[in-house]
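Here is how the chains run, residue by residue.
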Amino acid sequence: MSSPRPASPVNSPSTGSTTARPSSPKAPGGPATAIKRRAAADRADKVANARPASTRAAGAGGSSSTMLKLYTDESPGLKVDPFVVMVLSIGFIISVVALHIIAKVTKRFSS
């Protein structure tokens, strides 16, 4: 008795070229996606942390846009008002001068 369907490639004798069904697409996610994301993040970190090749590229000579970036709100680190820095530095200078004067006065009275 003859079948209306052609024989499946698995049961038919091998003729050299098979018409196997293509594999179904992979499900999203999985370890391959995690590896690709990690590699992309590593590349982004490497680009972000790259050191400039010259001092001009670092902003020491050419444009002042990189210098101005140090004093913006986006810069990381401790944010101190310039007035506070000025008061603390003047206070430090005054304390050094006062200690010198005190040392000279005590040396004169002790001799």
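Note that this is a predicted model, so its numbers are computed, not measured. (Residues numbered from 1 in each chain as written. Predicted model: local features only at pLDDT ≥ 70, side-chain atom pairs only at ≥ 80, totals over all residues. Heavy atoms only, no water.)

**A look at the overall build of the chain**
Helix and strand content of the chain: 4 helices and 0 strands. Moving toward the C terminus, one meets the helices and strands of the chain in the order α-α-α-α. With an accessible surface of roughly 10900 Å², the chain has 64% of that area assigned to carbon and sulfur atoms. (Helix = DSSP H or I, 4+ residues; strand = E, 2+ residues; numbered from the N terminus. Areas by Shrake-Rupley, 256 points an atom, 1.4 Å probe, with all protein chains shown as cover.)

**A closer look at the UniProt feature "transmembrane region" (unreviewed entry) in the chain**
UniProt's feature table lists "transmembrane region" (unreviewed entry) at residues 83-103, given in the numbering used throughout. Summarising residues 83-103: 100% helix, 0% strand, and an end-to-end C-alpha distance of 30 Å. (UniProt positions renumbered as here; feature names shortened; annotations may be inferred.)

**Some words on a nonpolar patch on the surface**
Residues Leu78, Val80, Phe83, Val84, Val85, Val87 and Leu88 make up a contiguous nonpolar surface patch of about 720 Å² in total accessible area. Residue class for Val80 comes out partly exposed when judged on its relative accessible area of 42%. (Patch = residues over 30% accessible without salt bridge, like charges linked within 9 Å, V, L, I, M, F, W, Y side chains within 5 Å. Salt bridge = Lys/Arg side-chain N within 4 Å of Asp/Glu carboxyl O. Buried < 20%, exposed > 50% of the residue type's maximum accessible area, 1.4 Å probe, protein only.)

**Quick look at the environment of Ser110**
Checked against the element boundaries, Ser110 lands in helix α4 (residues 82-110). On the basis of relative accessible area, Ser110 is assigned to the exposed category, the value being 62%.

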